[in-house]
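Chain by chain, the residues run as shown.
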Amino acid sequence: MAASIRTLLRVLCESTHNIQHVSRSRIKHSCCNAGITVCRGYSGGSEGKTTHFGFETVPEEEKAERVYKVFETVAKKYDVMNDAMSLGTHRLWKDALLHIMNPQPGLRLLDTAGGTGDISFRFLEYTRLMYDRQQRQRVRSIQTPSWQELSKHYKTDEEGPRQSRAVVCDINKEMLKVGKQRAEKAGISTGISWVVGDAEELPFDDNQFDLYTIAFGIRNVTHIEQALQEAFRSLKPGGRFLCLEFSKVSNPLLARLYDAYSFQMIPVMGKVIAGDWKSYQYLVESIRKFPDQETFKDMIEDAGFLCVQYFNLTGGIVAIHSGFKL
């Protein structure tokens, strides 16, 4: 039944694709498994190639190291700076991601570039509340239960709910360290695990997760296409990809105000609050180098995802992209 539903969804989604999307060639990747560690090789050699690090052009092999140093430096002040830079709005953006996701109890989430755990914490809380709501609705539906129904109800409760699980995967050990400390302070000890891993070479077997999220992280990877392919590979058939990222503002007036605030205020905040001007100058520049909403949508489709759509938040300052592996 589930397979037939996926087939129907695939047909419906493919029928909406533009012919130029259908004709695109899709990059394949090879893999080799060794126990639980998955070895992945990116087909495009980086030797001699360049990419951007903010507005600066650097060799591809240098970018990952420089990005690592940025987040190693800002890790301890990361959450404080997020509140300061966005005036707390990042919390609403992350809440919006969870409402669009609408995860059900028992699902498994891969929170890539999850760092300090914001998305995973919200996911676990959301699914817990969803389970409680479903239980209340089930109890209310039994008006005058028979003893057989009561017996069945108690048996189900004893078996317990299907536990939702979140795996926070981040290449930066300092970011994960801060996330673990936050989890301990919040009393979150079950349903979450922390893994050091690269978004371009995820250390997981194929078809492992129901949901894949990456929030404010994909613009920092060297090969975005490879990270998208890894997201597709790691998801189960029927799984969903969700990306929360800074994007392009469509309103000219808002765009000018946003640029002025970003370049004139955010690096200053970084210096005052975190003692680091350069890292936050890079973060501002990296946003401007990231593809716009439509271009990124095309990239997600090229990775194999279907039913791809996006939702602009705060005038397009950020966007949530969604796609399914069908």
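Description of the structure in this document. (Residues numbered from 1 in each chain as written. Predicted model: local features only at pLDDT ≥ 70, side-chain atom pairs only at ≥ 80, totals over all residues. Heavy atoms only, no water.)

### Focus on the packing of helix α3 (residues 60-74) against helix α11 (residues 277-289)
(1) Moving on: α11 packs onto α3 with a crossing angle of 120° between their chain directions and a minimal axis gap of 10 Å. It follows from the interaxial angle that α3 and α11 lie oblique. Considering only the axes of α3 and α11, their crossing is left-handed. Contacts from Lys63, Val67, Val70, Phe71, Thr73 and Val74 in α3 reach Ser279, Tyr280, Tyr282 and Leu283 in α11.
(2) Moving on: Partitioning the contact of α3 with α11 into residue classes produces seven nonpolar, two polar and one charged. (Axes fitted to C-alpha atoms, helices over the stretch in contact; angles between N-to-C directions. Helix = DSSP H or I, 4+ residues; strand = E, 2+ residues; numbered from the N terminus. Parallel < 35°, antiparallel > 145°, perpendicular 65-115°, else oblique. Left-handed = near helix turned anticlockwise from the far one by under 90°. Contact = heavy atoms within 4.5 Å. Nonpolar A, V, L, I, M, F, W, Y, C, P; charged D, E, K, R; others polar.)

### A look at the nonpolar core
(1) Moving on: Core analysis: the largest hydrophobic core is formed by 30 residues, its most contacted members being Trp93, Phe123, Leu244, Phe246 and Val318.
(2) Moving on: Of all elements in the fold, only α5 (89-101), α6 (118-141), β6 (165-170), α8 (173-186), β7 (192-196), β8 (209-215), β9 (235-246) and β11 (318-324) reach the threshold of two or more residues within this core.
(3) Moving on: At six residues, α6 tops the list of elements feeding residues into this core.
(4) Moving on: Those residues in contact with valine 318 that lie beyond four places of it in its chain are Trp93, Phe216, Leu244, Glu245, Phe246, Ser247, Phe311, Asn312 and Leu313. (Core = buried A, V, L, I, M, F, W, Y, C linked by side-chain atoms within 4.5 Å. Buried < 20%, exposed > 50% of the residue type's maximum accessible area, 1.4 Å probe, protein only.)

### Focus on the pattern of salt bridges
(1) Moving on: According to the stated counting rule, one finds 15 salt bridges in the structure shown.
(2) Moving on: Note that arginine 122 and aspartate 118 form a salt bridge whose closest N and O atoms lie 3.9 Å from each other. Separated by four residues within a single helix, arginine 122 and aspartate 118 lie in helix α6, roughly one turn from each other.
(3) Moving on: By relative accessible area, which is 18% here, arginine 122 ends up buried.
(4) Moving on: One salt bridge connects aspartate 118 with arginine 182, and the closest N-O pair in it is separated by 2.7 Å. Of this pair, aspartate 118 sits in helix α6 while arginine 182 sits in helix α8; the two residues are 64 residues apart in sequence, bridging distant segments of the chain.
(5) Moving on: Shared partners join several salt bridges into a network, and the residues in it are Asp79, Lys94, Asp95, Asp118, Arg122 and Arg182. (Salt bridge = Lys/Arg side-chain N within 4 Å of Asp/Glu carboxyl O.)

### Digging into the sheet that holds β9
(1) Moving on: In spatial order, the strands read β7-β6-β5-β8-β9-β11-β10; together these seven strands make up an open sheet with mixed pairing. A strand with exactly one partner marks an edge of an open sheet, and here the two such strands are β7 and β10 (306-313). Between one strand axis and the next, the sheet turns by 15° as a mean value, whatever way the strands run.
(2) Moving on: Bridge count between β6 and β7: five bridges; the pairing is parallel. (Pairing = 2+ DSSP bridges.)

### Thoughts on the layout of surface pockets
(1) Moving on: Looking at the largest pocket, its volume works out to about 580 Å³.
(2) Moving on: The wall of the largest pocket is formed by 37 residues, among which Ala113, Ile171, Gly217, Asn220 and Val221 lie closest to the centre.
(3) Moving on: Those elements giving two or more residues to the lining of the largest pocket turn out to be α3, β5 (108-112), α6 and β6.
(4) Moving on: Tallied by class, the residues present in the lining of the largest pocket amount to 15 nonpolar, 13 polar and nine charged.
(5) Moving on: What the second largest pocket holds in volume is close to 490 Å³.
(6) Moving on: If you trace the second largest pocket, you find 25 residues lining it, with Met85, Ser86, Trp93, Phe246 and Ile266 closest to the centre.
(7) Moving on: Put simply, the parts of the chain that give the lining of the second largest pocket at least two residues each are α4 (78-86), α5, α10 (252-274) and α11.
(8) Moving on: Looking at the lining of the second largest pocket element by element, the count peaks at six residues for α10.
(9) Moving on: Here the lining of the second largest pocket is composed, by residue class, of 17 nonpolar, seven polar and one charged. (1 Å grid on protein atoms, 1.4 Å probe; cavity = no way out; pocket = protein on both sides within 12 Å on 5 of 7 lines; lining within 4 Å. Points joined across faces, edges and corners; volume = space filled by probe spheres on them.)

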